[in-house]
Amino acid sequence: MSVAPNVSNQVAAPSVWSRASVLHWFRTQLFSSPLNTLLTLLTIWLLLATVPAMVDWFVLNSTVTASSAQECRKVTGACWSVIVEKHRLILFGVYPYEEQWRPLLATLLLVGVVLLSGVRRFWNRSLLLFWALALAGAAVLMWGGVFGLAYVENSRWGGLPLTLMLSTFGIAFAFPLGIVLALGRRSKMPAIKTICVVYIELIRGVPLISLLFMSAVMLPLFLPEGLTVDKLLRAQVAIILFAAAYMAETIRGGLQAIPKGQYEGGDSLGLTYWQQTRLIVLPQALKIVIPPLVGLFIALFKDTSLVVVIGIFDLTQAAKAALVDQTWRGFSIEIYVFISAIYFVFCYSMSKYSQSLEKRLATEHQR
Amino acid sequence: MADAIIRMQEVNKWYGKFHVLRNINLEVAPGERIVICGPSGSGKSTLIRCINRLEEHQQGHIVVEGTEITNDIRHVEAIRRDVGMVFQHFNLFPHLTVLQNLTLGPIWVLKTPKAEAEARAMKYLERVRIAEQASKFPGQLSGGQQQRVAIARSLCMDPKVMLFDEPTSALDPEMVKEVLDVMVNLAEDTGMTMLVVTHEMGFARKVADRVIFMDRGEIIEQNTPDAFFDHPQNERTKLFLSQIIH
């Protein structure tokens, strides 16, 4: 296809789409060699075999208006009615039905403050205030028990707000912890260095699932009798501890890319270690590792779905709960497509944001 | 010289088994301008880097402004506040603008208010004739401009001593002069104590009070510039001079 070996000496894509130039483009881009011709034909065949069927299923033969599962079974395409029917369960889990405006509002608050944090104009102290307000607001909404809101214990929380909370706090706490661990691993003090190395290697050596199990099953065994830590909190801590180890290694990679001269420049001005780290080293190191770091953020966001193993009702688990309803059996594809789309929207936004951040922060070699 | 601003006594340093500084004795008077030269690997950069503890010496004493350099980080930080350094590769902070590069030290180390630090920074940028570049990033400047910014950055800390570690050797030839001019002005207009590692012999003749020749970690010869260049005493000095003056 476009891997033509003579790409370099051909003209750029024509701005005027004359017939000759189109033919020329096809010949050079798609049929320039036997291998390219074969690949082109193979791709065309693959597209013809799959795309029409997908369009049929997703759009042409699908329905959103079916009022019952019976009606749905008559159509050959997707039955989006199941989403219409089940979206509240998928999005909010078993949170009391009448009160589900509360998690919706809490979700909007959380998403709102995260979006706000992405805007450079708000990168100052007022952002902390916004966060405090948003978190307090979300907590009040979710738990209730004040202002006439009925109390809802957190074992009934679920769905999208839970997934967002686990990942937002996961990132918000794992990131600074990762920075501290990365700095610690490069420390000249042997005790600090050893602790950090042991921590990172231990955590990276076990799967997240086993950490979650440990937090759910083992931890209560070791805690003194009468002292219980909330299951959700334990899962949250496990996620933070897990993600921090990976972030530490990624950030360390950035730290190692900072030339010795930068440290010497800071030293020669008389900056202390912490000033140097905060003002010179970290801003540059973190900028370098934005792509892999955001990759870890995205992984963390999706890994929160593993909390199902200890019975916490996140988005994925809520979707599974929607599947077991006898009357709406057999529409798992629609439901999984739906939650995949939700995951995709969040992950893709993170990815796009990281790209724009990289561009905005680029100061080197932009003569 | 009882009132020496820098005093090095019997300083020795090794990199592993390599004896990089041998019995260095050096006293620098306030306002004195010293040029240090010598072949590559002779220890001249290491010598001045010991003065602000970018390198650690293993034997002997180094006293700067009455404060001895020891492992005590507070002493080291105090000395670094008074000793500015200009590096071969500039070591500007690429993520900060020129102005931010200049105000970082005064604001965080000297606790100067931001407005005052910026006013002073602009004054020094004028002085190195680069004020119009204040809001650019270092990566947008030429090598010569970057080195002038680096000199201004050091001056903003109001140092008593300036160390120059081969300040022109990473520059394209056409930019050497603009940096040397700034250094000559600095020497002539202020009474700055300067230690300059360089092979720019014209500069040495023009501003140095004393030229020091180092080889294999030792100070071999030191003299006034004219005497040093016209009547070198030591064989190694003669050999070195014959090699750099084509």
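Parameters at a glance
- Residues numbered from 1 in each chain as written.
- Chains lettered and ligands numbered in written order.
- Predicted model: local features only at pLDDT ≥ 70, side-chain atom pairs only at ≥ 80, totals over all residues.
- Heavy atoms only, no water.
- Buried < 20%, exposed > 50% of the residue type's maximum accessible area, 1.4 Å probe, protein only.
- Helix = DSSP H or I, 4+ residues; strand = E, 2+ residues; numbered from the N terminus.
- Pairing = 2+ DSSP bridges.
- Contact = heavy atoms within 4.5 Å.
- Axes fitted to C-alpha atoms, helices over the stretch in contact; angles between N-to-C directions.
- pLDDT = per-residue confidence, 0-100.
- Salt bridge = Lys/Arg side-chain N within 4 Å of Asp/Glu carboxyl O.
- Polar contact = N/O pair within 3.5 Å; in protein donor to acceptor, adjacent residues only side chain to side chain.
- Patch = residues over 30% accessible without salt bridge, like charges linked within 9 Å, V, L, I, M, F, W, Y side chains within 5 Å.
- Areas by Shrake-Rupley, 256 points an atom, 1.4 Å probe, with all protein chains shown as cover.
- Expected span 1.5 Å × (residues − 1).
- Arc of directions from axis to C-beta.

Participant: How would you explain unusual backbone geometry if you had to name every residue and give the values?
Facilitator: All names here are of chain B. If you check the backbone angles, Glu 10 has positive phi at about 50 degrees while not being a glycine. Judged by its relative accessible area of 41%, Glu 10 falls in the partly exposed class. The backbone of Asn 91 shows a phi angle near 55 degrees, a positive value even though the residue is not glycine. Looking at where Asn 91 falls in the secondary structure, it is placed in the loop between strand E6 (83–86) and helix H3 (98–108).

Participant: Requested: an account of the sheet that holds strand E5 (residues 67–68) of chain B, with residues and values cited.
Facilitator: In any sheet, the strands associate via hydrogen bonds between backbone groups, in a parallel or an antiparallel arrangement. Residue and element names in this part refer to chain B. On the basis of which strands lie adjacent, the open sheet formed by four strands has the order E2-E1-E4-E5 and antiparallel pairing. A single partner strand is all that each edge strand has here, and the edge strands are strand E2 (18–28) and E5. Two elements, strand E1 (residues 6–15) and E2, share seven bridges in a ladder whose sense is antiparallel. Note that in E2 the partner of Ile 6 across the bridge is Val 28. In the packing of helix H1 (residues 44–51) onto the sheet, the strands contacted are E1, E2 and strand E4 (59–64), and the crossing angle to E1 comes to about 120 degrees.

Participant: Could you give me a rundown of the confidence of the model for chain B, with the residues and numbers involved?
Facilitator: On average, residues of chain B score 91 in pLDDT, and 99% of them reach the 70 mark or higher. Predicted complex, confidence summary: ipTM 0.91, pTM 0.83.

Participant: Which residues make up the interface of chain A and chain B, and what values do they have?
Facilitator: At the interface, 24 residues of chain A touch 25 residues of chain B. Inspection of the chain A/chain B interface yields two salt bridges. We note a salt bridge from A:Glu264 to B:Arg49, for which the minimum N-O separation is 2.5 Å. Counting every contact that joins chain A to chain B gives six residue pairs in polar contact (both at pLDDT 80 or more).

Participant: Describe in detail the sheet that holds strand E10 (residues 218–223) of chain B, supporting the description with residues and values.
Facilitator: Residue and element names in this part refer to chain B. Spatially, E6-E7-E8-E3-E9-E10 is the arrangement adopted by the six strands of the open sheet, whose pairing is mixed. Each edge of the sheet is formed by a strand with only one pairing partner; in this case those strands are E6 and E10. Taken over all neighbouring pairs, the strand axes of this sheet differ in orientation by 20 degrees on average, direction set aside. Pairing geometry for strand E3 (residues 33–37) and strand E9 (residues 210–215), over four bridges, is parallel. Across the sheet, Ile 34 pairs through a bridge with Arg 210, a residue of E9.

Participant: So what about a nonpolar patch on the surface? Which residues, and what values?
Facilitator: Residues A:Leu47, A:Val51, A:Met54, A:Val55, A:Phe58, A:Val59 and A:Leu60 make up a contiguous nonpolar surface patch of about 620 Å² in total accessible area. Inspection of the secondary structure puts A:Val55 in helix H2 (residues 34–60).

Participant: Which residues make up helix H1 (residues 19–30) of chain A, and what are the values?
Facilitator: Residues and elements named next belong to chain A. The terminal C-alpha atoms of H1, which comprises twelve residues, lie 16 Å apart, in line with the 16 Å expected from a rise of 1.5 Å per residue. Buried within H1 are the following residues: Ser 21, Thr 28, Gln 29 and Leu 30. Within H1, the buried residues cover an arc of 160 degrees as seen down the axis, which keeps them to one side. The exposed set on the far side of H1, more than 90 degrees from its buried face, consists of Arg 19, Ala 20, Leu 23 and Arg 27. The inward-facing, buried residues of H1 abut H2.

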